[in-house]
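Now for the letters of each chain:
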Amino acid sequence: MTRDGEGPGGIFAIGSDWVSLDLETTGLDPEQDRIIEIGAVRWHGGRPGERFAALVDPGCPLPLRIGAITGLSDVELAAKPQIEETVPALLDFLGDLPLVGHNLAFDMAFLRRALADAGSGAPSLAGNLLIDTLLLSRILFPRRPSHALEVFAAELALEVGGEIGLARPHRALDDALVAGYLACRLWREGLAYGPKVLGAAGFWLQPAQEQMPGLAAFAHGLRTGVVGDAAGPAPSAGPGPSAPPAEGVLVPAGPPVKRGAVGPHLTAAFGPDGLFAAAMDGFEVRPEQERMCTEIAGVMTSGGALAVEAGTGVGKSLAYLLPSVAVAEQTGERVVISTHTVTLQDQLVEREFPLLSRALGRPASYAVLKGRSNYLCLRKWDDFFSGSLVADEAERLFGLRVLFWSARTATGDGAELNLYGEEEPLWDMVAGDDRCWGFSCPRARECFISRARETAAKADVVIANHALVCSDLLADGRLLPEYIHLIIDEAHHLEQVATDHFGLVADQDELARLISNAVPARGRPARVFGGSPAVSGGASGSGGAGGAGRAWPEPADALETARLGQGAQAAARRLFSELSEVTRLRRGDEAGTLELRYGAGKAELPAAVVRAGTETAEALRALAKKLGAVAEKAPQAHPGGPEAANLSRDLGIQARDIEALCKAEDTDWVYWLADVGGPLRLHGAPVSVSAILRDRLWSKVKSATLVSATLAVEGSFKHILGRAGLLDSAHGQPRTLLLESPFDFRAQALLCVPSDLPLPGGNEGDSAYCAAVAAFLADLLPAIGGRSLVLFTSHRMLRQIHGLVGSELMGQGLNLLAQGIDGGRTRLLRALRNEEKAVVFGTSTFWEGIDVKGPQLSCLIIARLPFPRPDEPLFAARAERLEREGQSSFGNLSLPQAVLRLKQGFGRLIRSAGDRGAVVVLDGRIVRRAYGRAFIASLPPATKFAGATRAVTRRIRSWLGAAGTDGVAGVGRAAVTWVKVAGKEKPDAN
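Residues numbered from 1 in each chain as written. Predicted model: local features only at pLDDT ≥ 70, side-chain atom pairs only at ≥ 80, totals over all residues. Heavy atoms only, no water.

Chemist: Would you mind showing me how to read the overall build of the protein chain here?
Modeler: Scanning the protein chain for helices and strands turns up 36 helices and 25 strands. Residues counted as buried form 55% of the 990 residues belonging to the protein chain. Considering only residue pairs separated by 6 or more positions, the protein chain has 76% of its internal contacts joining residues 24 or more positions apart. Summed over its atoms, the accessible surface of the protein chain is roughly 40300 Å², and 52% of this surface lies on carbon and sulfur atoms. (Helix = DSSP H or I, 4+ residues; strand = E, 2+ residues; numbered from the N terminus. Buried < 20%, exposed > 50% of the residue type's maximum accessible area, 1.4 Å probe, protein only. Contact = heavy atoms within 4.5 Å. Areas by Shrake-Rupley, 256 points an atom, 1.4 Å probe, with all protein chains shown as cover.)

Dropping the structure here:
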């Protein structure tokens, strides 16, 4: 396959002959599992030709899950040849042609194992070039949220139609055909990037042609198709920032709006003849939305604080965006809108603001601004990209993704990349950070971070996030443009984000990385020594691309800094070694998470740890002092000067934090050591952030508005306002507004509680309770055909229930997927939305932010009331403080938090006016304990039913399947009433 001058991989061209390949197997382990189906398609000139399809007897029972997703059976496979009989014909079909497949490495591992078992030997496929469409998809479509083959199949069916429109997922020949069409689409996409980017890709892959021949050959083929056989680019030809942002992404283009030109009255904007009715097809008038808009406009005009709970379907985003734009245009007073999740930020930018601009008939002035670490730093990217000779495989794949993404991004926001797994820590190598060179940076004029801030400074409304708002407080207002109105959406997260930002943390890996920025590691020069990992001249910086002129002013400074850095590394290793011994002694033989609280009246850290902490802090301060001195010698002439100064500051901060964490003397703080299976971490956090938020945040704004779908407990906002420091702020008593959802919950939602399940014990792994829950799920889920989300409060309970009932559910044809067992949140959510008979077991990340409309999610099951873990260090410290103050920690902390969490979980079910479903709370404490009324009273007014487990199953089947002409189940109007008996809530199941 190798041709002269082409490197080991040769050239791959989509117009030549090649084969797309897919296998179906009994599992994921090529050493244990077996092939059950093979599909392959030969392609000629970009068109499918001959086919190869074979079912294979695996010689073992077919797992229930595999049978469910493929539609194959043991009986069907038992009549087919075994792999040894199929191999010769397959090899003849493949020949020495390039092989294309989606996640091809997985298929090849199984195929090579089969060849070895058949006696043919792995070298049979050694000459075939391997082209993986999954890798190429992640590189060429870097912004896609999903690269799953079934998602591409739906898109390609619209593009090419024909037989691909009939493709069955998880069948080998169909998937091979889809992979082939996807390869053609990827080829066209690659050509569209043009010679500059393709040339840079060739430079980046050149050192890895033997390790990554498929990628190198594909890139070489693209480049040859665009620019002929030109030579590769120099490192300096790497990517730079894109063209200016497109209209509507940041601050939409258009003439400036005159102050005071607000347009139609706000009170009429959401009416039947208002702005939005004219701009939106099918606009629904919602009085709740209009009232919310009016209240927010009022508080922004007069000043003060407002808390709004807006149920699902109110349309809260537009209800606060319109007054924000109107007040800003009228008064010139900037508004900051803060969200917790990227999902909501994206929704505001991609959907809500364009709709608002359409309704207004002109662009609204807004900008998105995040913290530095969210943006690509072009200087750090140049350093990373010039290190092509020493990049490992993970870095090389990551670099390709950034390369192609950077050619088209308007913002440089890393969230567009949808990073996962091992890519996330690599982002730190190219992301902005506090060690910014400012105006002395060679890429200052192109900087994404500077561009975002400049844009935000000109905008009327800035969309930020809670983390940036808190960081801005710590930076004395240097991160956000000046503002006097603040709207906090997803406000129930504010306390936790503030706690994280105002606290301290010493992370084993982060500390090592910080020191390594000044000390050589893994054979690379330190960042401040030569700037680029490609520099081969060490401290002298005399060799390699990008190294000339970047040496330190004095070689002796470099040597001294290296000595001090190595000392700091050694001290840090001793500190975390001592901490590891603490966790080992405390853990014993137990596995899992360990959080050890210490200080402030709790167990003290051993003297050896405190001593090691002091030594580490002193070593970091010595290194910081040296870096500061180096920076002062040549801050302007030497590019490393500003970075050395910033490193000096960061090391000093880390020294201060480690010393404080090891001494743990502040009684208003809680301290703990965490061992969760990754790097050890020391944590410190204020027990309460209410005073911090009151003094630093609320005092600086004219108006503050808190918004969420879950703020009130039994109609009261006292808990959330107190935790956020708004009850005693300068704004006086906050106004509150509780807006119920416009959805008809009595007709759309059924709330059930089985009456014959045991109550859960104090232990998440309570075996009797888990067995009863598993038995109920085995009865209910097949009866309603899956379409369900089961929410757990711990991974331990999820795994236990999955082990008890998983095989039985899959044996009855359900597509059961469990978080942490069958994939992450994105994979499981996609299955819930798109796959038949799907059942998802999820934990914390599924309790909110999940939006599945329609019958795909018809039943929501809550395994246990979501009370906080009483031994979690921060919660325990807060509970102790309340008890010392004479308040009930259960009534004032544990119960309100659980109620709000349950409301979030309940809110996953009904997401539109057309949704209909059932919520099942398996924890009988909701009706058998007096405090259960707080949960019930805080939930939307659904129809209620309580009874034996089999009666609950029948009731839910009837509810989901017996809808009348008015959309209400035939038994729905005879709603079960819950009556008070002896002062307690008791369900009447008649």
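Chemist: Please clarify how the packing of aromatic side chains should be interpreted in this entry.
Modeler: By convention here, two paired aromatic rings are described through the distance between centres and the angle between planes. Enumeration according to the criterion identifies 29 aromatic pairs in this entry. Measuring from centroid to centroid gives 5.0 Å for Trp43 and Tyr181, while their planes differ by 90 degrees, and the two rings are edge-to-face. Highlighted residues: Trp43 in strand β2 (residues 35-44) and Tyr181 in helix α7 (residues 172-192), separated in sequence by 138 residues. Residues Phe52 and Phe93 carry aromatic rings whose centres are separated by 5.7 Å and whose planes lie at 40 degrees to one another, so their mutual orientation is tilted. In this pair, Phe52 sits in strand β3 (residues 47-55) while Phe93 sits in helix α3 (residues 83-94), placing the two residues 41 residues apart along the sequence. In this structure Phe52 comes out as buried when scored by relative accessible area, which is 12%. Following the ring pairs from residue to residue traces out a cluster consisting of Phe12, Trp18, Trp43, Tyr181, Trp187 and Phe218. Above the plane of the ring of Trp204 lies Arg396, whose end atom (NZ or CZ) is 5.2 Å from the centre. (Phe/Tyr/Trp six-rings, centres within 6.5 Å; stacked < 30°, edge-to-face > 60°. Lys NZ or Arg CZ within 6 Å of the ring centre and 35° of its normal.)

Chemist: It is not clear to me how the packing of helix α23 (residues 555-587) against helix α24 (residues 607-633) should be interpreted in this structure. Could you clarify?
Modeler: Any two packed helices are characterised by the angle at which their axes cross and by the distance between the axes. At a closest axis distance of 8 Å, the pairing of α23 and α24 adopts a crossing angle of 160 degrees. For the element pair α23 / α24, the angle class is roughly antiparallel. As for the relative orientation of α23 and α24, their crossing is left-handed in sense. Its residues assigned to classes, the contact of α23 with α24 shows 16 nonpolar, five polar and seven charged. (Axes fitted to C-alpha atoms, helices over the stretch in contact; angles between N-to-C directions. Parallel < 35°, antiparallel > 145°, perpendicular 65-115°, else oblique. Left-handed = near helix turned anticlockwise from the far one by under 90°. Nonpolar A, V, L, I, M, F, W, Y, C, P; charged D, E, K, R; others polar.)

Chemist: Explanation requested: the layout of surface pockets in the structure shown.
Modeler: A water-sized probe, rolled over the atoms, reveals where empty space remains. Quantified by volume, the second largest pocket comes out at close to 540 Å³. As for the second largest pocket, its lining consists of 21 residues, and the residues nearest its centre are Gly722, Arg723, Leu882, Gln887 and Asn892. Elements that contribute at least two residues to the lining of the second largest pocket include exactly α27 (718-723), α32 (873-884) and α33 (889-906). Across the lining of the second largest pocket, the residue classes break down as seven nonpolar, eight polar and six charged. (1 Å grid on protein atoms, 1.4 Å probe; cavity = no way out; pocket = protein on both sides within 12 Å on 5 of 7 lines; lining within 4 Å. Points joined across faces, edges and corners; volume = space filled by probe spheres on them.)

Chemist: Help me understand the pattern of salt bridges, please; the structure alone is not making it clear to me.
Modeler: Once the charged atoms of two side chains with opposite charge are near each other, the side chains can pair. Counted under the stated rule, the structure contains 44 salt bridges. Arg143 is paired through a salt bridge with Glu416; the nearest N and O atoms lie 3.5 Å apart. Remark: Glu416 occurs in the loop between α16 (393-406) and α17 (423-427) and Arg143 occurs in the loop between α5 (133-140) and α6 (149-160); sequence separation between them is 273 residues. Assessed through its relative accessible area of 14%, Glu416 is described here as buried. Within this structure, Glu31, Arg113 and Asp117 form a network of salt bridges that share partners. (Salt bridge = Lys/Arg side-chain N within 4 Å of Asp/Glu carboxyl O.)

Chemist: Help me out: how do you make sense of the nonpolar core in this one?
Modeler: Within soluble globular proteins, side chains that are nonpolar tend to cluster in buried spots. Core analysis: the biggest nonpolar cluster contains 84 residues, and Trp698, Leu706, Ile926 and Phe935 have the highest contact counts within it. For this core, the leading source of residues is α33, giving six residues. Setting aside residues up to four positions removed in sequence, Leu706 forms contacts with Leu306, Ala307, Val308, Ile488, Ala491, Trp698, Leu711, Leu721, Ala724 and Leu726. Cys184, Ala200, Ala208 and Leu400 belong to the second-largest nonpolar core, a separate cluster that totals 62 residues. (Core = buried A, V, L, I, M, F, W, Y, C linked by side-chain atoms within 4.5 Å.)

Chemist: How should I be thinking about the sheet that holds strand β10 (residues 485-488) in this particular structure?
Modeler: Hydrogen bonds along the backbone pair up the strands of a sheet, which may run parallel or antiparallel. The sheet built from seven strands is open, its strands ordered β8-β9-β7-β10-β15-β6-β16 with parallel pairing. Edge strands, defined here as strands with exactly one partner in the open sheet, are β8 (366-368) and β16 (735-739). Taken over all neighbouring pairs, the strand axes of this sheet differ in orientation by 15 degrees on average, direction set aside. Pairing geometry for strand β6 (residues 304-310) and strand β15 (residues 703-708), over six bridges, is parallel. Looking across to β15, one finds that Leu306 is bridged to Thr705. The strands touched by helix α14 (residues 342-360) are β7 (335-339), β8 and β9 (461-465); relative to β9, the strand with the most contacts, the crossing angle is about 155 degrees. (Pairing = 2+ DSSP bridges.)

Chemist: Can you help me understand the environment of Thr341 in this one?
Modeler: Along the polypeptide, Thr341 turns up in the loop between β7 and α14. Judged by its relative accessible area of 28%, Thr341 is partly exposed. It is 8.4 Å that separates the C-alpha atoms of Thr341 and Gly849, two residues lying 508 residues apart in sequence.

Chemist: Honestly, α7 in this entry has me stumped. Any pointers?
Modeler: Each α-helix turn comprises 3.6 residues. Residues three or four places apart therefore point the same way. Its 21 residues give α7 an end-to-end C-alpha distance of 30 Å, which sits within 8% of 30 Å, the value for a rise of 1.5 Å per residue. Most of α7 is tucked away: 17 of the 21 residues are buried. Directly after α7, the chain includes Gly194, whose backbone phi takes a positive value near 90 degrees. (Expected span 1.5 Å × (residues − 1).)

Chemist: What is the right way to read the side chain of Thr843 from this model?
Modeler: Position of Thr843 among the secondary structure elements: in the loop between β20 (838-842) and β21 (859-862). For Thr843, a relative accessible area of 2% puts it in the buried group. One polar contact links Thr843 to His795, side chain to side chain, over a distance of 3.3 Å. Beyond its immediate sequence surroundings of up to four residues, Thr843 is in contact with Phe792, Ser794, His795, Leu798 and Gln819. (Polar contact = N/O pair within 3.5 Å; in protein donor to acceptor, adjacent residues only side chain to side chain.)

Chemist: Please clarify how the side chain of His731 should be interpreted in this entry.
Modeler: Inspection of the secondary structure assignment puts His731 in the loop between α27 and β16. For His731, the side chain forms a polar contact with the main-chain oxygen of Val701, separated by 3.3 Å. Those residues in contact with His731, other than ones at most four positions away along the chain, are Gly304, Ala305, Trp698, Val701, Lys702 and Ser703.

Chemist: Please clarify how the pairing of β21 should be interpreted in this entry.
Modeler: Along any regular strand, the residues point their side chains to alternate faces of the sheet. Here β21 shows no split at all, with Cys859 and Ile861 on one side and Leu860 and Ile862 on the other all buried. Looking at chain direction, β21 and strand β22 (residues 917-921) are connected through four bridges and run parallel. Paired with Leu860 across the two strands is Val919, which belongs to β22.

Chemist: Explain empty space enclosed by the protein to me, please; I cannot follow it from the model alone.
Modeler: Overall, the coordinates contain four cavities of 30 Å³ or more when judged by the stated rule. One number sums up the size of the largest cavity: a volume of about 80 Å³. Along the walls of the largest cavity sit Leu136, Ile139, Leu140, Leu198, Ala201, Leu205, Leu215, Phe218, Ala219, Leu222, Leu400 and Phe404, which together make up its complete lining. Elements with a contribution of two residues or more to the lining of the largest cavity: α5, α8 (195-205), α9 (213-227) and α16. Top contributing element to the lining of the largest cavity by residue count: α9, with four residues. Taken together, the residues of the lining of the largest cavity break down into 12 nonpolar, no polar and no charged.

Chemist: Teacher, can you tell me more about the confidence of the model for the protein chain here?
Modeler: Low pLDDT marks regions whose predicted coordinates should not be analysed in detail. Of the residues in the protein chain, 86% have a pLDDT of 70 or more, and the chain-wide mean is 84. Low pLDDT (under 50) marks residues 530-551, which in the prediction has 52 contacts with non-local residues, meaning those over four places away or in another chain. (pLDDT = per-residue confidence, 0-100.)

Chemist: Is there a simple way to think about the sheet that holds strand β4 (residues 99-101) in this case?
Modeler: Ordered in space as β3-β2-β1-β4-β5, the five strands form an open sheet in which the pairing is mixed. This sheet does not close on itself; its edge strands, each paired only once, are β3 and β5 (130-132). Strand-to-strand twist across the sheet, computed as the mean angle between neighbouring axes with direction ignored, equals 25 degrees. Across seven bridges, the pairing between β2 and β3 is antiparallel. By the bridge assignment, His44 is partnered in β3 with Arg47. Its contacts with the sheet place helix α4 (residues 104-118) against β1 (18-25), β2, β4 and β5, and it is angled at close to 75 degrees to β1.

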